[in-house]
Amino acid sequence: MTIFDLEHFSSDHFALFGLPRRQALDELDLERMYREIQTKVHPDKHAHLADAEKRLAMQWATKVNEAYLTLKSPLKRAEYVLKLLGHDPQIERNTAMPADFLMQQMELREAVVECRAGGDGGALDRMHRQMKKEMAGQHQALVVALDEQKDYARGAEIVRQLMFQEKLLHEIDEALQAVEA
Amino acid sequence: MALLQISEPGQSAAPHEHRLAVGIDLGTTNSLVATVRSGLAVVLSDEMGRPLLPSVVHYGAEGATEVGYGAQARQSVDPRNTVVSVKRFMGRGRADIAHIESMPYDFEDSPGMVKLRTVQGVKSPVEISADILAALRIRAEAALGGQLTGAVITVPAYFDDAQRQATKDAARLAGLNVLRLLNEPTAAAIAYGLDNGAEGIYAVYDLGGGTFDISILKLSKGVFQVLATGGDSALGGDDFDHRVFCWIIEQAKLTPVSPHDARLLQTRAREAKEYLTLHGEAPINAKLSTNEFVDLKLTSEVFNEISKTLVQKTLGPTRKALRDAGLAPEDVKGVVMVGGATRMPQIQKAVGDYFGQQPLNNLDPDKVVALGAAIQANLLAGNRAAGDDWLLLDVIPLSLGMETMGGLTEKIIPRNSTIPVARAQEFTTFKDGQSAMALHVVQGERELVSDCRSLARFELRGIPPMVAGAARIRVTFQVDADGLLSVTAREQITGHEARIEVKPSYGLTDDEVAAMLKDGFSHASDDAFRRALREAQVEAQRLIEAVQSALKDDAPLLSTLERAHIDACVAKLQAVMMGDDRRAIDGAMDGLNKATAEFAARRMNQSVQRALAGKNVSELES
């Protein structure tokens, strides 16, 4: 299909929603544009039309969902901004982290295992909240590093840390689920 | 059909303006069909005015098949040939089905999905469900006075790909054109949202006969966005009946009972459960074939006690769905109750306590799913009234992934991703010179492949010889708006490709469905050929209307030459469509579809650009 070559289809996620290419994001704006564009392209809006349009609608809606998902998550958005600017955060190769950060992560991970074994849902819930708070701080730091200071090395470092933190949050949630079951 | 059909005034006069579309709630215990009439969603009742069709099918020794109340009446007489709750078997193997030992059927464990031996031969759950759907189709066509353009069929949000595919197969077998598979809680939300003009976060708690679903939705400005969904596809009102049944056996100290007595006691158990909704205690009386008498009283307290763990079991997925959505119970503005089983007071109380508010019960929990499906079917069929426009953004309930070395699952699309969605991942070879790769597609949340559901296996061959780890195989998962998956694997260097529409290994192939249709199964009186021809003609008419409407709106997007080509293709289709050469019609439709592909792309582009143009210029500046 030639459709993927069309100018709009290949445009970057920010351009797709008519949003400025930066880390700081007005979530309401993204929400609004996502809905507006999805309302135009979604397969349900073309269900009674010809096959070609239905297929096209699915491709467009898929692309719009992908763009929305990428921009909505501060971590994914930062990775994407770095990629657009030509700065590979080197997630796979660069595993250097500040020692105190790594220490803290390891301690937290042990605590999760303990709480899970001990069935301590309350403590896990507190850890979940604490983790969310720390990540919100990191999200702020990303805006400062990428938009204001244009310090992309620093931005990449925060991205790598956030990946650790997301994984840990996921483990906390899994543990919570196991405790509740 | 013996009776002449007279349609309602104004219904059949303009068939191309109002397309006949229905919503079908294919339930574990009961099924319903609904439509939108004069702008209002209504459930279509049978000739005796009964809205529900019990999801029961009886296969008679003389070859007659009965569906609904008639079949239900035969339950205790001929349990082996009377299938109830067939939905529990859809896309399921023997090992997946709870309490299979206390069921009166003669199972045949064919690969993947069980089958049932009846006096009319071996029946798959897909065929049995198709019998129920065909009964509803016939009811709808009689009531609406014409052939249906299409139907929206609801499925539990927590149904996996195998169960969805089985449902779609059943609908096709019943002669229905499926406009969309719609998640039951989402259908309920549509029925509520449009009636009440609701905005905000809503939870839909759907406890049906055999399945439990919880969905968290955000409603705003005509967009229904499902944020998260969860549930248990093997938990429902039937399990409460089963608890009561076990309690009866225990209290009455009965030795193993015959299939006939088991069915009788199951019925008594269900009746007692229903009685307790409005009363403090329920009498249970039965005379067994052994001449034993059962005479018991079940109080609400005892019922609450024996069903406590079941009630709790629904709250786990509820918490999980809220967490997936990043929300707390207090963020939820309203809790919509769906499914007959939510009538149980202990369910109402548990849900009310958890969310800290009275659940919403103002629509009939048995009908709300069918009504929502009808509203969506009406929209999808193109019967759109001004201002009557909304969009549904649904999600996949379970993560989709691939098997990697060591029997581990690599998730490719995480659960609760908004559909349609596509995701690609690269894999590589394990051995030097490896020329083929076996790909195993699975669904589920667990790390080990053996704990997930296997959806499909396929092979990519013709990988050029390379050292281990050098080949780049890009695997792309695409989930469409029905939640159904297709997978493509492509070797990046040679461009060699393998592709599969994920039909679970036991799903029916197109050929099998075609063969079954040809056998006249499920509409024996229909002439299969004429029906297929008629469908092609309707389809061709729809296509021409769609193209003409597009031309009317956006003709300037085409050059004179392009326009002439499209016009020629339309003329060609018009010339053959009223004839009886099905192949010529298909060919002409294909030609027109190809001729309009580029036009469609330009139209789509234009509408997206218009959406962007609606933005204030200053907002675009960074």
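Values in this document were obtained by computation on a predicted structure and should not be read as measured data.

A. Inspection of the overall build of chain A at higher detail. A tally of helices and strands in chain A yields eight helices and zero strands. When the helices and strands of chain A are placed in sequence order, the string is α-α-α-α-α-α-α-α. When each of the 181 residues of chain A is scored for burial, the buried share is 48%. A separation of at least 24 residues holds for 69% of the contacts in chain A among residues at least 6 apart in sequence. For chain A, the accessible surface area stands at approximately 8,900 Å², while carbon and sulfur atoms represent 53% of it.

B. Examining the nonpolar core more closely. Phe 17, Ile 37, Val 41, Trp 60, Val 64 and Leu 124 of chain A are the most contacted members of the largest nonpolar core, which totals 51 residues. Looking at which element gives the most residues to this core, the answer is helix H8 (residues 152-180) of chain A, with 10 residues. Residues lining this core come from more than one domain, with at least three contributed by each of domain 1 (6-72) and domain 2 (99-180) of chain A. If we ignore the near neighbours within four places in the chain, the residues touching Ile 37 of chain A are Leu 16, Phe 17 and Val 64 of chain A together with Val 608, Ala 611 and Leu 612 of chain B. Counting residues in hydrophobic clusters, the runner-up holds 44 residues, among them Val 33, Met 113, Ile 153 and Leu 176 of chain B.

C. Molecular detail of the interface of chain A and chain B. Contact with chain A, which involves 53 residues of that partner, is made by 49 residues of chain B. Roughly 4,400 Å² is buried in total at the junction of chain A and chain B, and carbon and sulfur atoms are behind 56% of that figure. Remark: the boundary between chain A and chain B carries three salt bridges. Between Arg 423 of chain B and Glu 66 of chain A there is a salt bridge whose closest N-O contact spans 3.5 Å. Seen at the junction of chain A and chain B, the total is seven residue pairs in polar contact (both at pLDDT 80 or more). Among the elements of the structure, helix H1 (7-10), helix H2 (13-16), helix H3 (27-41), helix H4 (51-72) and H8 of chain A are those that each provide at least two residues to the side of chain A that touches chain B. With 14 residues, H4 of chain A is the largest single contributor of residues to the side of chain A that touches chain B. The class makeup of the residues in the side of chain A that touches chain B is 25 nonpolar, 12 polar and 16 charged.

D. Main features of the confidence of the model for chain A. Residue and element names in this part refer to chain A. Here chain A shows a mean pLDDT of 86. Residues at 70 or above account for 90%. For chain A, the element scoring lowest by mean pLDDT is H1, at 52; helix H5 (residues 74-84) scores highest, at 94. Taken together, the stretch residues 1-8 has pLDDT below 50 and engages in 21 contacts with residues farther than four places along the chain or on a different chain.

E. Structural context of the sheet that holds strand S14 (residues 212-220) of chain B. All names here are of chain B. Taken in spatial order, the five strands of this open sheet run S18-S13-S14-S15-S19, and their pairing is mixed. Every other strand in the sheet has two partners, leaving strand S18 (334-338) and strand S19 (391-393) as the edge strands with one partner each. Here the strands of the sheet are splayed against their neighbours by 25° on average, with no regard to which way each runs. Where strand S13 (residues 200-207) and S14 come together, eight bridges link them in antiparallel fashion.

F. Quick peek at the environment of Ala 24 of chain A. All names here are of chain A. Of note, Ala 24 is situated in the loop between H2 and H3. Note: C-alpha distance between Ala 24 and Met 103 (79 residues apart in sequence) is 30 Å. In contact with Ala 24, other than residues within four places in its own chain, are Val 143 and Asp 147.

G. Summary view of the confidence of the model for chain B. All names here are of chain B. Of all residues in chain B, 89% have pLDDT values of 70 or greater, and the mean over the chain is 85. pLDDT under 50 marks residues 520-525. Its contacts with residues more than four places away, or in other chains, come to 17 contacts. For the stretch residues 616-622, pLDDT sits under 50, and the model shows nine contacts to residues farther than four places along the chain or on other chains. Overall fold confidence (pTM) sits at 0.79, and the ipTM for the predicted complex is 0.83.

H. View of the packing of helix H5 (residues 237-251) of chain B against helix H6 (residues 259-275) of chain B. All names here are of chain B. In the contact formed by H5 and H6, the axes pass within 8 Å of each other and the chain directions differ by 115°. The angle between the axes of H5 and H6 places the two elements in the roughly perpendicular class. Crossing geometry of H5 relative to H6 is assigned as right-handed. Within the contact between the two elements, H5 uses Gly 237, Phe 240, Asp 241, Val 244, Phe 245, Ile 248 and Ile 249 and H6 uses Ala 262, Leu 265, Gln 266, Ala 269, Arg 270 and Lys 273. Of the residues contributing to the contact of H5 with H6, the split by class is eight nonpolar, two polar and three charged.

I. Up close: the side chain of Thr 154 of chain B. Residue and element names in this part refer to chain B. Relative to the helices and strands, Thr 154 resides in strand S11 (residues 150-155). With a relative accessible area of 1%, Thr 154 lands in the buried category. What Thr 154 contacts, discounting residues up to four positions off in sequence, is Ile 24, Asp 25, Leu 26, Leu 182, Glu 184, Ala 187, Val 369 and Ala 373.

J. Examining the domain arrangement of chain A more closely. Parsing chain A into structural domains produces domain 1 (6-72) and domain 2 (99-180). Between domain 1 of chain A and domain 2 of chain A, the C-alpha centre-to-centre distance is 30 Å.

K. View of the packing of aromatic side chains. Counted according to the given criterion, the structure contains nine aromatic pairs over all chains. Consider the rings of Tyr 34 of chain A and Tyr 68 of chain A, whose centres lie 3.7 Å apart with planes at 10°: the pair is stacked. Of this pair, Tyr 34 of chain A sits in helix H3 while Tyr 68 of chain A sits in helix H4; the two residues are 34 residues apart in sequence, bridging distant segments of the chain. Of the two residues examined, Tyr 34 of chain A and Tyr 68 of chain A, each falls in the buried class. Across from the ring centre of Phe 159 of chain B, 6.0 Å away, lies the NZ or CZ of Lys 87 of chain B, which sits over that ring. We note Arg 603 of chain B situated over the ring of Phe 599 of chain B; from NZ or CZ to the ring centre the distance is 5.8 Å.

L. Layout of the sheet that holds strand S20 (residues 400-404) of chain B. Residues and elements named next belong to chain B. If you trace the four strands from one edge of the open sheet to the other, you get S21-S20-S23-S24, paired in antiparallel fashion. The open sheet has two free edges, formed respectively by strand S21 (408-413) and strand S24 (453-460), since each of these has just one partner strand. Going from strand to strand, the sheet's axes swing by 30° on average, the running direction of each strand aside. Taken together, the five bridges between S20 and S21 define a ladder with antiparallel strand orientation. Paired with Thr 404 across the strands is Leu 408, a residue of S21.

Rules and cut-offs
- Sequence order as written defines the numbering, with residues in each chain counted from 1.
- Throughout, the order in which chains and ligands are written sets their labels, letters from A for the former and numbers from 1 for the latter.
- Reporting of local features is limited, given that this is a predicted model, to residues whose pLDDT is at least 70; pairs of side-chain atoms are given and counted only at 80 or more, and all residues count toward the totals for whole chains, interfaces and linings.
- Values shown for side chains rest on all heavy atoms present in the structure; no hydrogens or waters enter the calculation.
- We count a stretch as a helix when DSSP gives it H or I for four or more residues in a row; a strand needs E for two or more, and each element gets its number in order from the N terminus.
- To sort residues, take the accessible area from a 1.4 Å probe on protein chains only and compare it with the maximum for the residue type: under 20% means buried, over 50% means exposed, and anything in between is partly exposed.
- Residues count as neighbours in contact if any of their non-hydrogen atoms are within 4.5 Å of one another.
- Surface exposure here means Shrake-Rupley accessible area, sampled with a 1.4 Å probe, where a residue is shielded only by the protein chains that are shown.
- Here, nonpolar core refers to any group of buried Ala, Val, Leu, Ile, Met, Phe, Trp, Tyr and Cys residues whose side-chain atoms link them within 4.5 Å.
- Each domain's extent was defined by an automatic or database domain assignment.
- A simple way to read buried area is as the amount of 1.4 Å-probe accessible surface that goes missing from two parts once joined, with both sides added.
- We define a salt bridge as a side-chain nitrogen of Lys or Arg found within 4 Å of a carboxyl oxygen belonging to Asp or Glu.
- Here a polar contact is taken to be a pair of N or O atoms separated by no more than 3.5 Å, where protein atoms must pair a possible hydrogen donor with a possible acceptor and residues adjacent in sequence count only if both atoms sit in side chains.
- Gly is put with the polar residues, along with every residue not named as nonpolar or charged; the nonpolar set is Ala, Val, Leu, Ile, Met, Phe, Trp, Tyr, Cys and Pro, and the charged set is Asp, Glu, Lys and Arg.
- Scored from 0 to 100, pLDDT reflects the predictor's confidence in each residue.
- Strands are treated as partners if at least two bridges between them are detected by DSSP.
- Only the stretch in contact is used when a helix axis is fitted, and all axes are lines through C-alpha atoms; the angle between N-to-C directions ranges over 0 to 180 degrees.
- Orientation labels follow simple angle bins: below 35 degrees gives roughly parallel, above 145 gives roughly antiparallel, 65 to 115 gives roughly perpendicular, and whatever is left gives oblique.
- The handedness criterion is simple: a crossing whose near helix is rotated anticlockwise from the far helix by less than a right angle is left-handed, and one whose near helix is rotated clockwise is right-handed.
- Put simply, two rings from Phe, Tyr or Trp (the six-membered ring, in Trp's case) pair if the centres are within 6.5 Å, and we call them stacked under 30 degrees between planes, edge-to-face over 60, tilted for the rest.
- Charge-over-ring placement is defined geometrically: NZ (Lys) or CZ (Arg) within 6 Å of the ring centre, and within 35 degrees of the ring normal.

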